[in-house]
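# Results of the structural survey
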Amino acid sequence: MLEKSLKGNLGYWAWVLFLLGIIGVGVICYIVQYNYGLGATGMSRDVTWGIYISQFTFLVGVAAGGLMLVLPYYLHHYKDFARITILGEFMAIAAVAMCMLFIMADLGQPMRALNVVLHPTPNSMLFYDMIVLSGYLFLNVVCGWVVLHSEYQGIKYPSWVKPFIYISIPWAVSIHTVTAYLYCGLPGRHFWLTAILAPRFLASAFAAGPCLLMVIALIMKRTTKFDIGRVAQDKLVTIIGYAALLNFFFLGCEIFVAYYSQIPGHMHTLDYLYFGLADHATGEVYNNLVPFMRASVIMGFAGIGLIFVSRYLKSDPLLALSCILIFVSFWIDKGLGLVLGGFVPNGLEQITEYVPTFVEIGITAGIWATGFFIITVLYKIAISVKLENERTA
Amino acid sequence: MDSSRRKFLKIAGISAVAGIGAPSALNMLMKNEVRASSEGGGHGAQTDAHGGEGAHGAAPAPAGKRYGMVIDAVKFHDNNGLAEKCIEACHSYFNVPDFGNKKDEIKWLWQMPFANTFPGDESHYKKDDRTHSMQFMVLCNHCDNPPCVRACPTKATFKNADGIVMMDFHRCIGCRFCMAACPYGARSFNWRDPRGSKDGVPFIKKINHEFPTRMRGVVEKCSFCDLRVKRGLQPLCVEATAGTGAMVFGDLNDPNSEVSQVLRARFTIQRKPSLGTMPSVFYII
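Quick look at the structure, then.

Cut-offs and rules
- Residues numbered from 1 in each chain as written.
- Chains lettered and ligands numbered in written order.
- Predicted model: local features only at pLDDT ≥ 70, side-chain atom pairs only at ≥ 80, totals over all residues.
- Helix = DSSP H or I, 4+ residues; strand = E, 2+ residues; numbered from the N terminus.
- Rg over C-alpha atoms; globule rule 2.2 N^0.38 Å.
- Buried ≥ 20, exposed ≤ 12 C-beta atoms within 10 Å, placed from the backbone.
- Contact = placed C-beta atoms within 7 Å.
- Core = buried A, V, L, I, M, F, W, Y, C linked by C-beta atoms within 7 Å.
- Expected span 1.5 Å × (residues − 1).
- Pairing = 2+ DSSP bridges.
- Axes fitted to C-alpha atoms, helices over the stretch in contact; angles between N-to-C directions.
- Nonpolar A, V, L, I, M, F, W, Y, C, P; charged D, E, K, R; others polar.
- Parallel < 35°, antiparallel > 145°, perpendicular 65-115°, else oblique.
- Left-handed = near helix turned anticlockwise from the far one by under 90°.

## Quick notes on the overall build of chain A
Helix and strand counts for chain A come out as 13 helices and two strands. Its C-alpha atoms give chain A a radius of gyration of 21 Å, within 12% of the compact-globule value 21 Å for 393 residues. Expressed as a percentage of the 393 residues in chain A, the buried residues total 51%.

Below, the structure written as structure tokens:
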């Protein structure tokens, strides 16, 4: 089946080469970081996690978001999702692969990464994160590949794969829950210490994952003969719309609790993210994330409004735009604000701002390109098989 | 799909699942004291001393040692240069590098104003000049219930039976989860090679060969001078305050130790006690 990825038009190869180029830049940047140490990044004693861990957190969501594409078909026999289920599984593979790469990029001693397995520590949430992420990768590789391979051979998928499919559904919830637990179980980090962190993660994941898939599907609709169909598209709009609204509802709950209770620790980070926070010793106001966070809210609400309009107008360009708006909105919210904000102020009530370095951005771009490379190859295989089957059928 | 491939996939699948789960399962079976290692004796002596003050009342009876420290901030305030002397004694012995910038900073023992040391404990109106001009020595609290130990995925940071929270520099993978977990900002990371130098000036001014230098990519922090304490000596910072009584170190579980006597006689506060970490460092303000 892999050979399908080796046949493509000029556009396909240009895209693949472009991705490989960015991956190359990422590799060079990583060599720089590896030789110098993590000091090559913008992280500091006060902001100890930067864009690597925030990308990781966001991408766990994208991986978990695949659930919204798999669940209706396998659990509710929703036939209109038959064509996109495999896309959800393959997107999850790429997202988990990126997560693992971001973790590796963030380790001070990457050569010792296996210590997590050699000295398993069940009281650490990172231990469970390792289990659920590798498990989810395994499940999606098995389910996606076996189901597609059966389709390739023109037979129904074997029944032994079914338990794996069913396990993968709660497993998707588990990966994002455990990822939220990394943060919300830490005493003294008020911004993260909230019981709705996991639900909020899931809500944003169930919007962001399908958004990415929708954008890719719309691109494929223009560049290939592969069309996921109007019914599936409309259903996805419902899923994305509700999940995105739920995310903002949860965000609203956080804002209410902080500002109505007036507990300083609960307000500080929200102040920092949305309004700017003044250092109580010097009076200096820190606000480098404020434009991003405000843009996130505006883009999110605009996207939610437009996505329903796009369905009403049956407009694919508008649908793509609204999906991009929601995706970027949630990327800012989770891929920047959530992790970086948690470190402001620090445990000693000091404010240190974080700005990523070029090396860090290069590595981040390289890992994203790797993810898109995996998606490209897997989707190429998937749609080739699907289109071929439809031609012969 | 032919049967041999199907068989292979089955076996591969099962063994992969087993492979992921087995180490943890084995570990749980072989040493069921994973939690126990992070529980230990507790501030049992405190309970005794304060006549069983509720919260710690249910803790197991104190067994063995539990080291703690009382820092008299007033004495530090009155003795000019004393704090610097302590910090120098600590940082020079433990080869703590100085990179000359805040971003890469590594520190085990340093000073902070009241509002930063005890955030949330500050009254909005009552601001006596002395407290607010005072600096407080801050270091690892060697918590009874350390969040860093809970967070560490490799047991590179762990709690000794005597209550000292330790770092294994050779096992640390540099994930910095402990730094996110520590509510006191007590931990530092080697963002770059501490053995290096800039413009010919080494980051570690004079290497002390009695203690190893670290490599880049690992976390470090105050160790309560565990090796000295084992030999019956006082921590270096405490030794540097000899004669002033600004720091008292000892076994909190021993009601006759000096530290226990000070805690009985004086009103002391801890940093962020509401978080349930049960710090072993107490302050006289």
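Let's pick the thread back up.
## Quick word on the overall build of chain B
Secondary structure summary: chain B contains eleven helices and eleven strands in total. Relative to its full complement of 285 residues, chain B shows a buried share of 43%. Partitioning the intrachain contacts of chain B with sequence separation of at least 6 by distance along the chain shows that 66% fall at a separation of at least 24.

## As for the nonpolar core
Ranked by size, the top nonpolar core spans 190 residues in total, and within it Ala63(A), Cys99(A), Ile240(A) and Ile326(A) carry the most contacts. In this structure, Cys99(A) is in contact with Phe56(A), Leu59(A), Val60(A), Ala63(A) and Leu133(A), ignoring residues within four places of it in sequence.

## Some thoughts on unusual backbone geometry
Of the consecutive residues Val344(A) and Pro345(A), the connecting peptide bond is found in the cis state with omega at -5 degrees. Phi is positive for His142(B), close to 45 degrees, though the residue is something other than glycine. The residue His142(B) is located in the loop between β3 (135-138) and α7 (147-151) in this model. The backbone of Lys272(B) sits at a positive phi, close to 45 degrees, despite the residue not being glycine. Position of Lys272(B) among the secondary structure elements: in the loop between α11 (258-265) and β11 (281-284).

## Re helix α9 (residues 230-261) of chain A
In an α-helix, one turn spans 3.6 residues, which is why side chains three or four residues apart end up on the same side. All names here are of chain A. The end-to-end C-alpha distance of α9, which contains 32 residues, comes to 46 Å, matching closely the 46 Å that a straight helix rising 1.5 Å per residue would cover. All of the buried residues along α9 are Ala232, Gln233, Lys235, Leu236, Val237, Ile239, Ile240, Ala243, Ala244, Asn247 and Ala258. Structurally, α9 contributes buried residues whose contacts are with α3 (67-76), α4 (82-106), α8 (197-223), α10 (264-274), α11 (290-313) and α12 (316-341). Looking one or two residues beyond α9, the residue adopting positive phi is Gln262, at roughly 65 degrees.

## Comments concerning the sheet that holds β11(B)
Residues and elements named next belong to chain B. A sheet is described by the order of its strands in space; here three strands give the open sequence β10-β1-β11, paired in mixed fashion. Both outer strands of the open sheet, β10 (247-251) and β11, are each paired with one neighbouring strand and no more. Within this sheet the neighbouring strands show an average axis-to-axis angle of 20 degrees, counted without direction. Of the strands in this sheet, β1 (67-72), β10 and β11 touch α11, which is tilted by about 115 degrees from β10.

## Considering helix α6 (residues 125-153) of chain A
Residue and element names in this part refer to chain A. If you check α6, its first and last C-alpha atoms are 42 Å apart, about what 29 residues at 1.5 Å a residue would give, namely 42 Å. Counting buried residues along α6, 21 of its 29 residues qualify, which places the element largely inside the surrounding structure. A positive backbone phi angle near 75 degrees is found at Gly154, which sits one or two residues after α6.

## Focus: the interface of chain B and chain A
Taken together, the 55 residues of chain B in the interface contact 42 residues of chain A. Elements with a minimum of two residues in the side of chain B that touches chain A: α1 (3-30), α5 (114-117), α7, α8 (177-181) and β6 (188-189) of chain B. The greatest single-element share of the side of chain B that touches chain A, amounting to nine residues, is contributed by α1(B). Looking at the side of chain B that touches chain A residue by residue, the class counts come to 27 nonpolar, 14 polar and 14 charged.

## Some thoughts on the environment of Arg66(B)
All names here are of chain B. In this structure, Arg66 sits in the loop between α2 (44-49) and β1. Arg66 gets classed as buried once you count the C-beta atoms within 10 Å, which come to 25. Separated by 105 residues in the primary sequence, Arg66 and Arg171 have C-alpha atoms spaced 25 Å apart.

## Looking at the environment of Ile367(A)
Residue and element names in this part refer to chain A. Within the secondary structure, Ile367 is located in helix α13 (residues 358-392). Residue Ile367 is classed as buried on the basis of its 26 C-beta neighbours within 10 Å. Spatially, the C-alpha atoms of Ile367 and Phe343 are 24 Å apart, while their sequence positions differ by 24 residues. Ignoring anything within four residues of it in the chain, the contact list for Ile367 reads Gly26, Met98, Leu101, Phe102 and Ala105.

## Some remarks on the pairing of β10(B)
Looking along a regular strand, one sees side chains alternate from face to face of the sheet. Residue and element names in this part refer to chain B. Of all the five residues making up β10, five are buried; the element is thus mostly covered by neighbouring parts of the structure. Here β1 pairs with β10 via five bridges, running antiparallel. For Val70, the partnering residue across the bridge sits in β10 and is Val248.

## Overview of the packing of α9(A) against α10(A)
Residue and element names in this part refer to chain A. Packing of α9 against α10 brings their axes to within 8 Å, and their N-to-C directions diverge by 125 degrees. Between α9 and α10, the angle is such that the two are oblique. At the point where α9 passes α10, the crossing takes the left-handed sense. Between α9 and α10, the contacting residues are Ile255, Val257, Ala258, Tyr259 and Ser261 on the first element and His266, Met267 and Leu270 on the second.

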